[in-house]
Amino acid sequence: VVAWDPQEQALAAAVEWERRERASAPATSPAPGVVTPVGDVRAAVAGAEYVQESGPEQLQAKHALFAQLDASAPPTAILASSTSAIDMSAIADGLRGAHRCIVAHPVNPPHVVPAVEVSGGRLTAPETVQRTVALLRAVGQTPIVLARYTPGFLVNRLQMAMLREALFLLDSGVATADDIDAAVRDGLGLRWALLGPFGVANTNADGGVREYLTRYRTSIEGLMRHLGDAPVLDAGFIDRIGQATDDMERGAPRAEVREWRDRLVSRIVALKRADPHPGHRGRMDHSTRGL
Ligand SMILES: NC(=O)c1ccc[n+]([C@@H]2O[C@H](COP(=O)([O-])OP(=O)(O)OC[C@H]3O[C@@H](n4cnc5c(N)ncnc54)[C@H](O)[C@@H]3O)[C@@H](O)[C@H]2O)c1
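Residues numbered from 1 in each chain as written. Predicted model: local features only at pLDDT ≥ 70, side-chain atom pairs only at ≥ 80, totals over all residues. Heavy atoms only, no water.

### So, the confidence of the model for the chain
Defined as follows: pLDDT expresses, on a scale from 0 to 100, how confident the predictor is about each individual residue. Only heavy atoms enter the contact rule, under which two residues are in contact if any of them lie within 4.5 Å.
Overall, the prediction assigns the chain a mean pLDDT of 93, with 95% of residues at 70 or greater. Below a pLDDT of 50 lies the segment residues 286-291, which in the model reaches twelve contacts outside its immediate sequence neighbourhood of four places, other chains included.

Right, dumping it as structure tokens:
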């Protein structure tokens, strides 16, 4: 793996962070490669099979960067973007190599969370999608291919739906930030690491999702109509959210919370690999790779 960033400091910090992570990675995780820093973009992509762009989240910056990558990378290299929300059709607009451009959106913290959203643009070739999916699987990730572009893809749409409601509950004084977070971290979130909204609904009634939606139809429809609207994130509101979150965190250093998060996420991922969902046992994905 070769890494480049126009800011020397950012590149040095990234390489240093990767070395520390590699040294502390548990023996069971996939063997990590060695990351070599290089001083310019042409050297970074010369000879590459796969390029992962993670520059600023602005269409103009990404468009310019992709034009540079398309001109410098070998013609068979895949050019992937980490963008969290931008349509690849716009990033690759007018590029000769638009067929090899694709979104591969990782989920934070990407070195321990397996999901990667894969989204092609209008001109992305099916072969580019297939090769990207194969490469992500080979390095232990879980690719999720979107059938078409939608702003925010899946992950951020779902995340924002939850955040919008959490902000609405906080703003209307129903509960504190700590109690709203507890409903997730000590409630819903424990199941969500194992089952998504459909899997949860399917286990919420003896008769599965059909019975759940039929039996509770009136209350589910009513509750959904009652959910909060999109908030206005003005400076005053952001400050109140910041204060509520500070109270909840009780001064814990953010770096320590992140390290704790990454350590436990890795353990949850390892637990799921060792004891997969009954319907997924034997499936050829990250959970069975290498067994
Ligand atoms: N932060 C997250 O949680 C997260 C998660 C998934 C995807 N992403 C996506 O990854 C990308 C990067 O996110 P981030 O939070 O690291 O952003 P960031 O702004 O913190 O970092 C961007 C980096 O790009 C570098 N850069 C600036 N101009 C550049 C150029 N012309 N060419 C190459 N590099 C350039 C900067 O020096 C900086 O190191 C974004 O597209 C973002 O949407 C972020």
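Having seen the structure, we can now continue with the description.
### Overview of the sheet that holds strand β4 (residues 78-81)
Operational definition: We call two strands paired when DSSP finds no fewer than two bridges between them. Put simply, DSSP H or I for four residues or longer makes a helix, DSSP E for two residues or longer makes a strand, and each gets a number counted from the N terminus. Axis lines are fitted through C-alpha atoms, for helices just across the contact stretch, and the angle between N-to-C directions can take any value from 0 to 180 degrees.
Ordered by their spatial adjacency, five strands build an open sheet running β3-β4-β5-β6-β7, and the pairing between neighbours is mixed. The sheet is open, and its two edges are formed by β3 (50-53) and β7 (142-145), each paired on a single side. Direction aside, neighbouring strands of the sheet carry axes that sit 30° apart on average. Across three bridges, the pairing between β4 and strand β5 (residues 101-106) is parallel. Residue pairing across strands places Ala80 opposite Ile102, the latter belonging to β5.

### Notes on the site of the ligand
Cut-off, in case you're wondering: Here a residue is considered near a molecule or strand provided that any single heavy atom belonging to it is located within 4 Å of it. Whenever a nitrogen or oxygen atom comes within 3.5 Å of another N or O atom, the pair is scored as a polar contact, on the condition that within protein one atom can donate a hydrogen and the other can accept it, and that pairs from neighbouring residues in sequence are kept only if both atoms are in side chains. Only the protein chains shown count as cover for residues, and the accessible areas themselves come from Shrake-Rupley with a 1.4 Å probe.
Taken together, 17 residues form the shell around the ligand, and within it Asp5, Glu57, Lys62, Ser84 and Asn108 come nearest. Between Gly55 and the ligand, the recorded distance is 3.4 Å, taken from a backbone N or O atom to an oxygen atom. Take Asn108: an N or O atom from its side chain is 3.0 Å from an oxygen atom of the ligand. The protein chains hide 60% of the 830 Å² of surface that the ligand would expose on its own. Among the secondary structure elements, those contributing two or more residues to the shell around the ligand are α3 (59-72) and β5.

### Notes on the nonpolar core
As a reminder, the rule being used: For our purposes a nonpolar core is just a set of buried Ala, Val, Leu, Ile, Met, Phe, Trp, Tyr and Cys residues, chained together by side-chain atoms within 4.5 Å. Partly exposed describes any residue whose relative accessible area lies between the buried limit of under 20% and the exposed limit of over 50%, with all areas from a 1.4 Å probe on protein chains only and scaled to the type maximum.
In this structure, Val45, Val51, Phe66, Leu69, Leu79, Met88 and Cys101 are the most contacted members of the largest nonpolar core, which totals 21 residues. Among the elements of the structure, α2 (41-45), α3, α4 (88-91) and β5 are those that each provide at least two residues to this core. Those residues in contact with Phe66 that lie beyond four places of it in its chain are Glu53, Leu79, Ala80, Ser81, Met88, Ile91, Leu95 and Cys101. Ranked by size, the runner-up nonpolar core spans nine residues in total, among them Ala166, Leu167, Leu170 and Ala244.

### Some points on the pairing of strand β6 (residues 115-120)
The following threshold applies: When the strands point away from the viewer and the path from the first strand over the helix to the second turns clockwise, the crossover is right-handed.
Counting buried residues in β6 gives five out of six residues, a clear majority hidden from the surface. Pairing analysis gives five bridges linking β5 to β6, with the strands arranged antiparallel. Across the sheet, Ile102 pairs through a bridge with Gly120, a residue of β6. As paired elements, β6 and β7 share four bridges and run parallel to each other. The residue of β7 that forms the bridge with Val116 is Pro143. For the segment spanning β6, helix α5 (residues 126-138) and β7, crossover handedness is right-handed.

### Things to note about the pattern of salt bridges
Proximity of charged atoms lets side chains of opposite charge pair with each other. Test applied: Salt bridge, as applied in this entry: a Lys or Arg side-chain nitrogen positioned within 4 Å of an Asp or Glu carboxyl oxygen.
Enumeration over the complete set of coordinates arrives at twelve salt bridges. Of the charged contacts, one joins Lys62 and Glu57 as a salt bridge, the two residues approaching to 3.9 Å between their closest N and O atoms. The partly exposed category is assigned to Glu57, whose relative accessible area is 39%. Residues joined in a network through salt bridges with shared partners are Glu53, Glu57 and Lys62.

### Focus on the side chain of Thr150
With respect to the helices and strands, the residue Thr150 is situated in the loop between β7 and α6 (155-171). Side chain to side chain, Thr150 and Arg157 meet in a polar contact 3.0 Å long.

### As for the packing of α6 against helix α7 (residues 177-192)
Basically, it comes down to this: Should the near helix be turned counterclockwise from the far one by less than a right angle, the crossing is left-handed, whereas a clockwise turn marks it as right-handed. Amino acid classes used here: Ala, Val, Leu, Ile, Met, Phe, Trp, Tyr, Cys and Pro are nonpolar; Asp, Glu, Lys and Arg are charged; the rest, including Gly, are polar.
One way to put it is that α6 packs onto α7 with a least axis distance of 10 Å and a crossing angle of 150°. In this structure, α6 meets α7 at a crossing whose hand is right-handed. Where α6 approaches α7, its residues Met162, Ala166, Leu169 and Leu170 are matched on the opposing element by Ala177, Ile180, Val184 and Trp192. Of the residues that constitute the contact of α6 with α7, the class distribution is eight nonpolar, no polar and no charged.

### Details of the environment of Ala177
Within the element layout of this structure, Ala177 appears in helix α7. Owing to a relative accessible area of 13%, Ala177 belongs among the buried residues under this scheme. Each C-alpha atom of the pair Ala177 and Leu135 lies 40 Å from the other, and the pair is 42 residues apart in sequence. In this structure Ala177 touches Leu170, Ala244 and Met248, once residues within four positions along its chain are discounted.

### Section: the environment of Thr132
Looking at the element boundaries, Thr132 is found in helix α5. Considered as a pair, Thr132 and Ala104 are 28 residues apart in the sequence and their alpha carbons are 8.0 Å apart. Once residues within four sequence positions are removed from consideration, Thr132 is found in contact with Tyr50, Ile78, Ile102, Ala104 and Val118. A polar side-chain atom of Thr132 sits 2.7 Å from the main-chain carbonyl oxygen of Thr128.

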